[in-house]
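Residue-level structure breakdown
Listed below, chain by chain, are the residues.
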Amino acid sequence: MESLRYLWKAILFLGIAVVLSAGVPAQAKMVTVNGEKYDIAEPGEFIPNEVVVKLKSGFSKDTIKDLAMQVQGKVKGHIREYDLFLLQLPMILEEEDQKAQVEEAVAVLEHFPQVEAVFPNYKFSIPKPVDQALSNVKDRQYDARATEEMASEIGQVGALGVVEDYQWHLDKVRYYLAGTPPTSAPGIAIIDTGVDYLHPDLSGKVNLGWDYVDNDSDPMDEHGHGTHCAGIAAAKGTYMVRGISPTSRILAVRVLNQYGSGSYFNIVQGVVYARTRVKILSLSLGGYLVEGSSAYNWLKKVFDDTVAMGRVVCVAAGNEADDELFYYAFQTSKYRPVPAWFPSCFTVGATNEVDCRAYFSNYDVGSAGGKTYNFHFVDIVAPGWNILSTFLDGQLQRLSGTSMSCPLVAGAAARVWQKYPSYTRANVESRLTSQGSYVAPHQGFPTSERRVDLMKALGLSQTGFVGIVYDGQTGKPLYYATVRVYDGSTLVKTVYTDRSGMFVVTGLSGGKTYQMYFSRSGFATRGYSALASTGNMKDIYFPMALPKLQPSGRWSIMISYHSWHPGFIDAWYTYPSRPSWYPYNWDEAPGTYFGARLSVPGSGLIDTSHRGSLTQAPYAAMTTDAWDFTNPVTNFVISRVQSGTYKIWTRLDNINDYYYEWGKYKDVSGKNYSRPTAYICYGSAVKGVVYANAATGSGAYWYIGDIVGGTFTMKNVLRTTQP
């Protein structure tokens, strides 16, 4: 595990090294993640041997041909609506020569009086893959498990109702409480890497638009990203997975290649094409341009014009956790993520299962670290973590990113527009934001946002609760856990978790406090009380992790808390000290992760780097760490109790060892409500429940307690030295 952490630190460093260096990044910085190659656009990066020219009004095509000859080029493309021309320059292979060639061509052409603007054909791409930072590699075992289980179950029961259970985001946005989908709904353009229109859950519902990469009428996806987005928005749900608007048709427009990259010119072509054919556009892509530059202003005009036509333009906020914005603000540069930054676009950030900001998502922030930023470009947020959807060749895949959140909101917009056909574009967007659930600073949003709620957006209501349950021993979602809801001593509801661990309780009375008990055979029962709100489905803030009971003579120690997200990026940037351009420190981060330890008799130590063993000495092991799946659960098991004292403790400092750690042990009003809790079980009996919020003392070490033989002694003290 230690080696994995060093590996991810190295990968992250490589991922941002270009961003932190001076000047324009080198061209075509390919990134390989899980065997897949990505060509991710960096600020200032452009397509070699190409420039974009905007002629002043009144000049003909002959003019552009003459201008092209001045730089030994030729006209490669024309966007009539804006008189934008793409010029192909002579092919040059050397990177530095490419840069010089494009810069020289721009310098030559901008002096001609016929030219209103000229700039490089900047590179755009899908947002940085979240895999690059953390999620899918860490979730590889989780994904494999889901795939294997689903494959088996599909063969037995025919998929729908089984695979659908793995789509936790549907429960989160109240899809099943939003009524039966209509027989038809407005179409959605997926402007992306194309769409695999042969996928069983997309076949027959995809209108083939144009392929601006290969310049033909077959926008087949060669990457998978666009297919995944299409499924989130509008998969039919007749075979494997269901989209938010399953009766919307998809317009497939390909502007990105098999590596996930494309160009400024292609993006404009795709938007101009789609806006005359559908009411809703979804773009899970972007690049960085300097605000106020010609390239920025003309792209902004394209999107402004599209929105002025009455189109909802959903765009991904980006996966940089604002780090590039912070860095360029420090450098007094105005590089901005576009189109996300454009006020006319409906920009979407990403959340996880408990409504925390997914650690990678860009977000709004007014001021931080004593500095004023005024980054206000995210309009709404939606689930974007471990989202199951369609992929190439009839497959399914989990992906994470604001790319996944964007088409979810596009699908929700289609449902709202179908329900309220007289709505304007502004009405649709306002409806989605005004009826969304609040997410706040302590959830990783310095400026409060709204998470989409499809049920309320469609004018429906239910009173109840939504939440998630985890297996405390494995850290994975717990299927078929029982949730019993009591009003006083009266049992009023019994529901069960689905395969993503989610539960939904409806039909309650507002203004009442209900007691919920979570159980499953082989696990300890946990209770939680919550006040129901009339007409609202209240999200249970704390995920419920159930300790796994052990055979007689065995101990289990489970530590759970609110959320691993979103503090990872804060911890990474401030390990071991904070750079001058980054505004947050690890201990200011919402969300929490700390290293849990079990000291065993004889000076041994079980932790994330030394997992131990249940079948040989020391007969104790860490069965899961919150780092493994980014679910907020860590667990130890002692299979054979040895003579002596076992000490249970944690460390939270992010400074004096090689672990990334972040957050707080205790609540900080308005900033962090992690509330770490330790459950200590001996066989089938719960021997202790320890709350960090009630700990005495202060310091980086939380000393939970000792085990000797069959006895647990609670300590619950914070201290400055290791127990």
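All values reported here derive from a predicted model rather than from experimental measurement. (Residues numbered from 1 in each chain as written. Predicted model: local features only at pLDDT ≥ 70, side-chain atom pairs only at ≥ 80, totals over all residues. Heavy atoms only, no water.)

**Notes on the overall build of the chain**
To be explicit about the condition: Each helix is a run of H or I in the DSSP string that is no shorter than four residues. Each strand is a run of E no shorter than two, and both are numbered from the N terminus. C-alpha atoms define the radius of gyration, and 2.2 Å times the number of residues to the power 0.38 defines the globule rule. Classification of residues uses two cut-offs on accessible area relative to the type maximum, computed with a 1.4 Å probe and protein chains only: under 20% is buried, over 50% is exposed, and between them is partly exposed. Two residues form a contact once any of their heavy atoms are found within 4.5 Å. Accessible areas in this description were obtained via Shrake-Rupley with a 1.4 Å probe; residue shielding takes into account the shown protein chains only.
Across its full length, the chain carries 16 helices and 42 strands. Radius of gyration (C-alpha) of the chain: 27 Å, near the 27 Å computed for a compact globule of 723 residues. Along the first, second and third principal axes, the C-alpha atoms of the chain reach 90 × 55 × 45 Å. Each of the 723 residues in the chain was classed as buried or not, and the buried ones make up 62%. The contacts in the chain between residues at least 6 apart in sequence include a share of 71% that link residues at least 24 apart. With an accessible surface of roughly 25,300 Å², the chain has 49% of that area assigned to carbon and sulfur atoms.

**As for the packing of aromatic side chains**
Worth spelling out the cut-off: Pairing of aromatic side chains requires ring centres within 6.5 Å, counting the rings of Phe and Tyr and the six-membered ring of Trp. Pairs whose planes differ by under 30 degrees are stacked, by over 60 edge-to-face, and all others tilted. For a Lys NZ or an Arg CZ to count as sitting over a ring, it must be within 6 Å of the ring centre and within 35 degrees of the ring normal.
The full count for this structure, using the stated rule, is 51 aromatic pairs. Judged by centre distance (5.8 Å) and plane angle (40°), the rings of phenylalanine 326 and phenylalanine 375 are tilted. A residue pair is termed long-range when its members are at least 10 positions apart, and phenylalanine 326 in helix H11 (residues 323–330) and phenylalanine 375 in strand S17 (residues 371–375) qualify at 49 residues. The exposure class assigned to phenylalanine 326 is buried, which follows from its relative accessible area of 0%. We note arginine 640 situated over the ring of tyrosine 619; from NZ or CZ to the ring centre the distance is 4.0 Å.

**Structural notes on a nonpolar patch on the surface**
Cut-off, in case you're wondering: Here the term patch refers to residues with relative accessible area over 30% and no salt bridge, with like charges joined within 9 Å and nonpolar side chains (Val, Leu, Ile, Met, Phe, Trp, Tyr) within 5 Å. Take a side-chain nitrogen of Lys or Arg and a carboxyl oxygen of Asp or Glu: if they are within 4 Å of each other, that pair is a salt bridge.
On the surface, Tyr479, Tyr480 and Tyr496 cluster together to form a nonpolar patch covering roughly 300 Å² of accessible area. Residue placement: tyrosine 479 occurs in the loop between strand S23 (464–471) and strand S24 (482–487). Using a relative accessible area of 31% as the deciding quantity, one classes tyrosine 479 as partly exposed.

**Details of unusual backbone geometry**
In most cases, non-glycine residues show a negative phi, while peptide bonds are predominantly trans. In this structure, the amide linkage connecting valine 338 to the following residue, proline 339, adopts the cis form with an omega of 10°. By the secondary structure assignment, proline 339 is in the loop between strand S14 (335–338) and strand S15 (346–351). Backbone torsion omega between tyrosine 575 and proline 576 reads -5°, so that peptide bond is classified as cis. Among the structural elements, proline 576 can be located in the loop between helix H15 (568–573) and strand S32 (595–600). Backbone geometry at aspartate 355 places phi at a positive 65°, although glycine is not the residue there.

**Looking at the sheet that holds strand S28 (residues 526–531)**
To keep it simple, the criterion reads: DSSP-based pairing: two strands are paired if at least 2 bridges between them are found. To get an axis, a line is fitted to the C-alpha atoms, and for a helix only the part in contact is used. The angle between two axes follows their N-to-C directions and goes from 0 to 180 degrees.
An order of S25-S24-S27-S28 is seen for the four strands of this open sheet, with the pairing classed as antiparallel. This sheet does not close on itself; its edge strands, each paired only once, are strand S25 (490–496) and S28. Averaged over all pairs of adjacent strands, the angle between their axes in this sheet comes to 25°, without regard to strand direction. Pairing analysis gives six bridges linking strand S27 (residues 513–519) to S28, with the strands arranged antiparallel. By the bridge assignment, phenylalanine 518 is partnered in S28 with arginine 526.

**Focus on the sheet that holds strand S31 (residues 555–560)**
Taken in spatial order, the six strands make up an open sheet running S34-S35-S36-S31-S38-S39, and their pairing is antiparallel. Unpaired on one side and paired on the other, strand S34 (612–613) and strand S39 (685–691) mark the two borders of the sheet. Across six bridges, the pairing between S31 and strand S38 (residues 677–682) is antiparallel. Looking at the pairing, serine 560 lines up with threonine 677 of S38.

**Remarks on the packing of helix H8 (residues 225–234) against helix H12 (residues 402–419)**
Two packed helices can be described by the angle between their axes and the distance between those axes. Selection criterion: Handedness of a crossing is defined here by the sense of rotation of the near helix relative to the far one, left-handed for an anticlockwise turn of less than a right angle and right-handed for a clockwise turn. Each residue is assigned to one class: nonpolar for Ala, Val, Leu, Ile, Met, Phe, Trp, Tyr, Cys and Pro, charged for Asp, Glu, Lys and Arg, and polar for all the others, Gly among them.
Put simply, H8 and H12 touch, their axes get as near as 7 Å, and they point 35° apart. For H8 against H12, the interelement crossing comes out right-handed. Contacts from His225, His228, Cys229, Ile232 and Ala233 of H8 reach H12 at Ser403, Met404, Pro407, Leu408 and Gly411. When its residues are assigned to classes, the contact of H8 with H12 shows six nonpolar, four polar and no charged.

**A few points about the nonpolar core**
Condition: Only buried Ala, Val, Leu, Ile, Met, Phe, Trp, Tyr and Cys residues count toward a nonpolar core, and they belong to the same one when joined by side-chain atoms within 4.5 Å.
Among the nonpolar cores identified, the biggest contains 193 residues, and Val51, Tyr264, Leu283, Leu432, Leu598, Trp662 and Trp702 are the most heavily contacted of them. When residues in this core are grouped by element, the largest group, ten residues, is from H12. Membership of the second largest hydrophobic core comes to 19 residues, among which are Phe465, Val485, Leu508 and Ala532.

**Quick look at the environment of aspartate 218**
Along the chain, aspartate 218 turns up in the loop between strand S8 (206–211) and H8. Sequence separation between aspartate 218 and arginine 254 is 36 residues; the distance between their C-alpha atoms is 8.6 Å. Discounting residues that sit within four places of it in the chain, aspartate 218 has contacts with Tyr197 and Asp211.

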